[in-house]
Amino acid sequence: MFRHKGKNRTYFHNLKLASALSFVAGIVNIVGVLSVKVLTTNITGHFAFFSEEILLDHYSEALTYFLFIICFLGGAFCSSFLVEFSSGHRTVRPHLIPLITEILILGFVGMSGYDELKISVSSHAIAGLLLFAMGVQNSLVTRVSQSVVRTTHLTGLFTDLGIEFSKLFFKERKNEQRQLKKNITLKLVIIACFFSGCIIGGFGYSMIQLKTLIVIAGLLFCVIRYDKLLYRYYSLKRKLR
């Protein structure tokens, strides 16, 4: 999913990346809503709430929404910075540190769901941490896929989908039609996986609350290992021939 870059990256690499991480984003989104009543995968609504609180002279509440926005921005910045930094060190894969950062954040918030551990995290801190983690993920996926895939919010996807559906009504060259259908399929997969994540995450939260995020941290760890396991599989297959 992450090993191939630039011209070596295919449609199917992006499809696998999109399905896995949009599913993760969907679960984080519903867990954030159910646990702390905050959208934690995008900041569009937070700008509206920030403006509203300013107009009502509720400056402390406005500051909270402003900090939510900064958390997402900070996650995106740190992810891109870490990718740039590690790109110059061949011993470390550029995607590894941002993904481990996201795993640690989700794991920590999930662990706070265990009363025995006595980890006290406020609702605002939980929202901020999840927004930071989603900023990390969105920035990483955007860079790896060269802006083809975004997994944490759907507004732009539905806009692009509407544009691409409209193009189907006009005759284009065969190769353009093929690419158009691929683009539509990719976006539909992201939407379907995000929605599935929301549904499954909702059921998960009803059973194990914040501990659902520990399961998702485990899924992300599998995403990290995927490329290496696939490489070993093909190497073994070649040897057995």
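Quick summary incoming for the structure in this document. (Residues numbered from 1 in each chain as written. Predicted model: local features only at pLDDT ≥ 70, side-chain atom pairs only at ≥ 80, totals over all residues. Heavy atoms only, no water.)

### Points about the overall build of the protein chain
Defined as follows: Counting from the N terminus, the helices are DSSP H or I runs at least four residues long and the strands are E runs at least two residues long. Partly exposed residues are those whose accessible area sits between 20% and 50% of the maximum for their type, while under 20% is buried and over 50% is exposed, using a 1.4 Å probe and protein chains only. It only takes one pair of heavy atoms within 4.5 Å for two residues to be counted as in contact. All accessibility values rest on the Shrake-Rupley procedure with a 1.4 Å probe; residue burial counts only the protein chains present in the view.
Each helix and strand counted, the protein chain has eight helices and zero strands in total. A total of 241 residues make up the protein chain; the buried ones form 41% of that total. Look at the contacts in the protein chain between residues 6 or more apart in sequence, and 71% of them connect residues 24 or more apart. By element, 66% of the accessible surface of the protein chain is carried by carbon and sulfur atoms, the whole surface being about 13,700 Å².

### Observations concerning the environment of Val31
Tracing the chain through its elements places Val31 in helix α1 (residues 11-36). It is 8.7 Å that separates the C-alpha atoms of Val31 and Gly204, two residues lying 173 residues apart in sequence. In this structure, Val31 is in contact with Val36, Gly201, Tyr205, Leu210, Thr212 and Leu213, ignoring residues within four places of it in sequence.

### Points about the nonpolar core
A general trend in soluble globular proteins is that nonpolar side chains are found buried together. Worth spelling out the cut-off: Definition used in this section: a nonpolar core is a set of buried Ala, Val, Leu, Ile, Met, Phe, Trp, Tyr and Cys residues joined via side-chain atoms within 4.5 Å.
Counting residues in hydrophobic clusters, the biggest one holds 50 residues, and the most contacted among them are Leu106 and Leu213. For this core, the elements supplying multiple residues, two or more each, are α1, α3 (59-87), α4 (96-111), α5 (123-144), α6 (155-167), α7 (174-208) and α8 (212-240). Of the residues forming this core, the biggest block, 12 residues, is contributed by α1. When residues no more than four places from it in sequence are discounted, the contact partners of Leu213 are Val28, Val31, Leu106, Val109, Gly110 and Leu130.

### Description of α1
Three or four residues apart is the spacing at which side chains of an α-helix point the same way, because the helix has 3.6 residues per turn. Note the cut-off: A helix is expected to span 1.5 Å for every residue after the first.
With 26 residues, α1 ought to run about 38 Å at 1.5 Å a step, and its terminal C-alpha atoms sit 37 Å apart, in line with that. In terms of residue burial, α1 counts as a mostly covered element, since 19 of its 26 residues are buried. Positioned one or two residues after α1, Lys37 has a phi angle of 60°, which is positive.

### Some details on the pattern of salt bridges
Oppositely charged side chains can pair when the atoms bearing their charge come close. Test applied: Only one rule defines a salt bridge in this text: a Lys or Arg side-chain nitrogen within 4 Å of an Asp or Glu carboxyl oxygen.
As enumerated under the stated definition, the model contains two salt bridges in all. Glu84 is the salt-bridge partner of Arg143, the closest N and O atoms lying 2.8 Å from each other. With a gap of 59 residues between them, Arg143 in helix α5 and Glu84 in helix α3 connect regions that are remote in the sequence. You can call Arg143 partly exposed: its relative accessible area is 35%. A salt bridge links Lys187 to Glu164; the nearest nitrogen and oxygen atoms lie 3.5 Å apart. Of this pair, Lys187 sits in helix α7 while Glu164 is found in helix α6, placing the two residues 23 residues apart along the sequence. The two residues Lys187 and Glu164 agree in class, both being buried.

### A closer look at helix α2 (residues 44-55)
Compared with an ideal rise of 1.5 Å per residue, which puts 12 residues at 16 Å, α2 spans 18 Å between its outermost C-alpha atoms and is within 8% of the ideal. One or two positions beyond α2, positive phi appears at Asp57, with a value near 60°.

### Overview of a nonpolar patch on the surface
Our working definition: Patch membership requires over 30% relative accessible area and the absence of a salt bridge. Like charges are linked within 9 Å, and nonpolar side chains (Val, Leu, Ile, Met, Phe, Trp, Tyr) within 5 Å.
The grouping of Phe195, Ile199, Ile200, Phe203, Met207, Ile208 and Val215 at the surface amounts to a nonpolar patch, some 730 Å² of accessible area in total. Examining the composition of the nonpolar patch, we find that six residues originate from one element, α7, more than from any other. Assignment of secondary structure puts Ile200 in helix α7.

### Side note on the side chain of His46
You can see His46 is positioned in helix α2. Residue classification places His46 among the buried positions, given a relative accessible area of 4%. Not counting the four nearest positions on each side in its chain, His46 is found in contact with Val38, Leu39, Tyr65, Phe68, Ile69 and Leu131.

### Some thoughts on the packing of aromatic side chains
Heads up, the rule is: Side-chain rings of Phe, Tyr and Trp (the six-membered ring for Trp) are treated as a pair once their centres are within 6.5 Å; stacked means planes under 30 degrees apart, edge-to-face means over 60, and tilted covers the remaining angles. Any Lys NZ or Arg CZ that is within 6 Å of a ring centre and within 35 degrees of that ring's normal is treated as a charge sitting over the ring.
Counted by the stated rule, this structure contains five aromatic pairs. Residues Tyr11 and Phe12 carry aromatic rings whose centres are separated by 5.5 Å and whose planes lie at 75° to one another, so their mutual orientation is edge-to-face. Given a relative accessible area of 55%, Phe12 falls into the exposed group. Chaining the aromatic ring pairs together yields one cluster made of Phe49, Tyr65 and Phe68. The ring of Tyr114 has Lys211 sitting right over it, with the charged end atom 4.9 Å from the ring centre.

### Side note on the packing of α3 against α5
Condition: In this analysis, axes come from line fits to C-alpha atoms, helices being fitted only over the stretch in contact, and the angle between any two N-to-C directions falls in the range 0 to 180 degrees. It is the rotation of the near helix from the far one that decides the hand of a crossing: anticlockwise by less than a right angle makes it left-handed, clockwise makes it right-handed. When residues are sorted by character, Ala, Val, Leu, Ile, Met, Phe, Trp, Tyr, Cys and Pro go into the nonpolar class, Asp, Glu, Lys and Arg into the charged class, and all the rest, Gly among them, into the polar class.
Between α3 and α5, whose axes approach to 7 Å, the crossing angle comes to 40°. You can see that α3 and α5 cross each other, and the crossing is right-handed. Judged by residue contacts, Thr64, Phe68, Cys71, Phe72, Gly74, Gly75, Ala76, Cys78, Ser79, Ser80, Val83 and Glu84 of α3 engage His124, Ala127, Gly128, Leu131, Phe132, Met134, Gly135, Val136, Asn138, Ser139, Leu140 and Arg143 from α5. Looking at the contact of α3 with α5 residue by residue, the class counts come to 12 nonpolar, 10 polar and two charged.

Read these as layout, nothing more, since geometry by itself doesn't imply function.
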